[in-house]
Amino acid sequence: MSTSTTTALEPDSARAGYDRDRAVRVAVLGVGMMGQDHARRLATLTAGAELVAVSDVDAARTDAVAAEFGVRAIHDPKAAILDPEVDAIVIATPGFTHEDLVLVALEAGKPVLCEKPLTTSPETSRRIVEAEAALGRPLVQVGFMRRFDAGYQQLRGLVESGEYGRTLFLHCAHRNATTPPNFSSEMLVLDSVVHEVDIARYLTGEEIVAIRVIAPRSTSAAPEGLRDPQFVIMETESGILVDVEIFVNTTFGYEVRTELVAEKGQARIGLPEGMVTQSGQGWGGSIPKDFKERFGAAYDVEFQRWIDAVRSGANVDGPGVWDGYAAAAVCAAGVESLRTGERVEIDLGVKP
Ligand code: ISE
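Presented here is a report on the structure given in the accompanying data block.

Parameters at a glance
- Residues numbered from 1 in each chain as written.
- Predicted model: local features only at pLDDT ≥ 70, side-chain atom pairs only at ≥ 80, totals over all residues.
- Heavy atoms only, no water.
- 1 Å grid on protein atoms, 1.4 Å probe; cavity = no way out; pocket = protein on both sides within 12 Å on 5 of 7 lines; lining within 4 Å.
- Points joined across faces, edges and corners; volume = space filled by probe spheres on them.
- Nonpolar A, V, L, I, M, F, W, Y, C, P; charged D, E, K, R; others polar.
- Pairing = 2+ DSSP bridges.
- Helix = DSSP H or I, 4+ residues; strand = E, 2+ residues; numbered from the N terminus.
- Contact = heavy atoms within 4.5 Å.
- Axes fitted to C-alpha atoms, helices over the stretch in contact; angles between N-to-C directions.
- Domains from an automatic or database assignment.
- Near = heavy atom within 4 Å.
- Polar contact = N/O pair within 3.5 Å; in protein donor to acceptor, adjacent residues only side chain to side chain.
- Sits in = over half its atoms within 2 Å of the grid points.
- Expected span 1.5 Å × (residues − 1).
- Buried < 20%, exposed > 50% of the residue type's maximum accessible area, 1.4 Å probe, protein only.
- Phe/Tyr/Trp six-rings, centres within 6.5 Å; stacked < 30°, edge-to-face > 60°.
- Lys NZ or Arg CZ within 6 Å of the ring centre and 35° of its normal.

**Looking at empty space enclosed by the protein**
In this approach the atoms are scanned with a rolling probe the size of a water molecule, which exposes any empty space left behind.
At step 1: Summed over the entire model, instances satisfying the criterion amount to 1 cavity of 30 Å³ or more.
At step 2: In this model, the largest cavity occupies a volume close to 40 Å³.
At step 3: Leu158, Val159, Gly162, Glu163, Tyr164, Gly165, Thr167, Leu260 and Ala262 are the residues that line the largest cavity.
At step 4: Split into classes, the residues belonging to the lining of the largest cavity amount to 5 nonpolar, 3 polar and 1 charged.

This is the structure in structure tokens:
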């Protein structure tokens, strides 16, 4: 697209130097497991994107990943955001660093794709909502990749069609093979159930107004002190019930499934798919080992749509800061419920 025509898609003044005829130059902040995956995606798959820099608190890791992709290693993440040769930022650093980094990017007027959680508390997420509102245009997309999964999109299409009448229940199961070291009981809610919170909001189009988290007996596969599994019950504005079995030490595989129960029909997504074998051992198929495998295609679509949005000047095509804030608020209430055993209500306040 020419930069000389005056259309609604013209670069705004904060990005006046951005040339739409070339690829979006992206820096990835945080190159642990997820960040490396995103760096590879941007370098090899996403059309219209150019991975130009990586940054991580671990300097040796930054240098190694930069060398692998032939890009710049910028050790200070804020310098990477402000670098004149960086157009857009992917944040895949630990959650507690997100607030500062997102605020610097907002100030610099640069588009951001921030991995979940947006921040680690409702208060800090709210600050980002206010900062973006003050800017007057969306710049921050939140990495709730499930919204780009074909199954969830079909399910939402079904809800929106009205064919099955009003939604009554969502039954969700979210199972991981194992947990990383130091995974706490609260992290089952903050790190894992957060996806169910977002997807429940996405599917129903409603806010979550109350949550209760119950910790039944723990699996003997869970590390000492970890309350795993947990059972979560959420209520939406109109009274839809969403239940979640979160179980993160199943020992053998990764599974995310959702069943929608509506007045005139039911639908399930996330059932085992792919090749089914038959042999002397019986019949069967394979189980994904982790979320990178289960949601690989969703991440690919998420990144492509984000880059397309940056190139068009829309900057965001998917969950934004309000979604990040709402998820943070529901999860904080969930952690309170896990501690107290009580049902906790959520008040998001007014959307700016
Ligand atoms: C992880 O951080 C993710 O985001 C995955 O999608 C989720 O399934 C897993 O439970 C989390 O720990």
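Back to the write-up after that little detour.
**Some details on the sheet that holds strand 10 (residues 241–247)**
At step 1: If you walk across this open sheet you meet the 7 strands as 12-11-7-10-9-8-15, and the pairing is mixed. The open sheet has two edge strands, strand 12 (265–269) and strand 15 (344–345), and neither has a second partner.
At step 2: Sheet topology places strand 8 (residues 208–214) next to strand 15; 2 bridges connect them, and they run antiparallel. By the bridge assignment for strand 15, Ala210 is matched with Glu345.
At step 3: Each of strand 7 (167–175), strand 11 (255–262) and strand 12 is contacted by helix 6 (residues 150–161), which is oriented at about 5° to strand 11, the strand it contacts most.
At step 4: Contacting strand 8, strand 9 (230–236) and strand 15, helix 10 (residues 321–340) crosses the sheet at an angle of about 35° to strand 8.

**Some details on the layout of surface pockets**
At step 1: As a volume, the largest pocket reaches approximately 1,200 Å³.
At step 2: Lining of the largest pocket is provided by 48 residues; of these, Met33, Lys116, Met187, Asp191 and Phe291 occupy positions nearest its centre.
At step 3: Of all the elements in the fold, those that place two or more residues in the lining of the largest pocket are helix 1 (33–44), helix 4 (98–108), helix 7 (185–204) and helix 10.
At step 4: Taken together, the residues of the lining of the largest pocket sort by class into 24 nonpolar, 17 polar and 7 charged.
At step 5: The two domains that each donate at least three residues to the lining of the largest pocket are domain 1 (12–146 + 298–319) and domain 2 (150–287 + 328–345).
At step 6: The space that makes up the second largest pocket amounts to roughly 660 Å³.
At step 7: Every residue lining the second largest pocket is counted, 30 residues in all, and those nearest its centre are Gly270, Leu271, Glu273, Pro288 and Arg294.
At step 8: Secondary structure elements with two or more residues in the lining of the second largest pocket: helix 6, strand 11, strand 12, helix 8 (291–294) and helix 9 (296–312).
At step 9: At 4 residues, the largest contribution of residues to the lining of the second largest pocket is made by helix 9.

**With respect to the site of the ligand**
At step 1: Taken together, Lys116, Met145, His174, Asn176, Asp191, Ser192, His195, Tyr254 and Phe291 make up the full set of residues near the ligand.
At step 2: Between an oxygen atom of the ligand and a side-chain N or O atom of Lys116, the distance comes to 2.9 Å.
At step 3: Here His195 contributes a side-chain N or O atom positioned 2.8 Å from an oxygen atom of the ligand.
At step 4: One can see that the ligand is located within the largest pocket.

**Observations regarding helix 1**
At step 1: An ideal rise of 1.5 Å per residue puts 16 Å on 12 residues; helix 1 measures up with 17 Å between its terminal C-alpha atoms.
At step 2: Within the sequence span of helix 1, burial applies to Met34, Gly35, Asp37, His38, Ala39, Arg41 and Leu42.

**As for the pairing of strand 9**
At step 1: Burial along strand 9 is one-sided: Gln230, Val232, Met234 and Thr236 are buried, while Phe231, Ile233 and Glu235, pointing the other way, are not.
At step 2: One ladder, built from 6 bridges, connects strand 8 with strand 9; its direction is antiparallel. Looking across to strand 9, one finds that Ala210 is bridged to Glu235.
At step 3: Bridging between strand 9 and strand 10 involves 6 bridges; their strand directions are antiparallel. Within the sheet, the bridge partner assigned to Ile233 lies in strand 10 and is Asp243.
At step 4: Between strand 9 and strand 10, which pair antiparallel in sequence order, lie 4 residues; one of them, Gly239, sits at a positive phi of approximately 100°.

**Thoughts on the packing of aromatic side chains**
At step 1: In this structure the tally under the stated criterion is 4 aromatic pairs.
At step 2: Aromatic pair Tyr254 and Phe291: ring centres 6.3 Å apart, planes at 55°, arrangement tilted. Of this pair, Tyr254 sits in the loop between strand 10 and strand 11 while Phe291 sits in helix 8; the two residues are 37 residues apart in sequence, bridging distant segments of the chain.
At step 3: When its relative accessible area of 26% is taken as the criterion, Phe291 is described as partly exposed.
At step 4: Through a chain of ring-to-ring contacts, three or more aromatic side chains come together here, namely Tyr254, Phe291 and Phe295.
At step 5: Residue placement shows Arg41 over the ring face of Phe303; its charged tip is 5.8 Å from the ring centre.

Keep in mind these values describe shape, not function.
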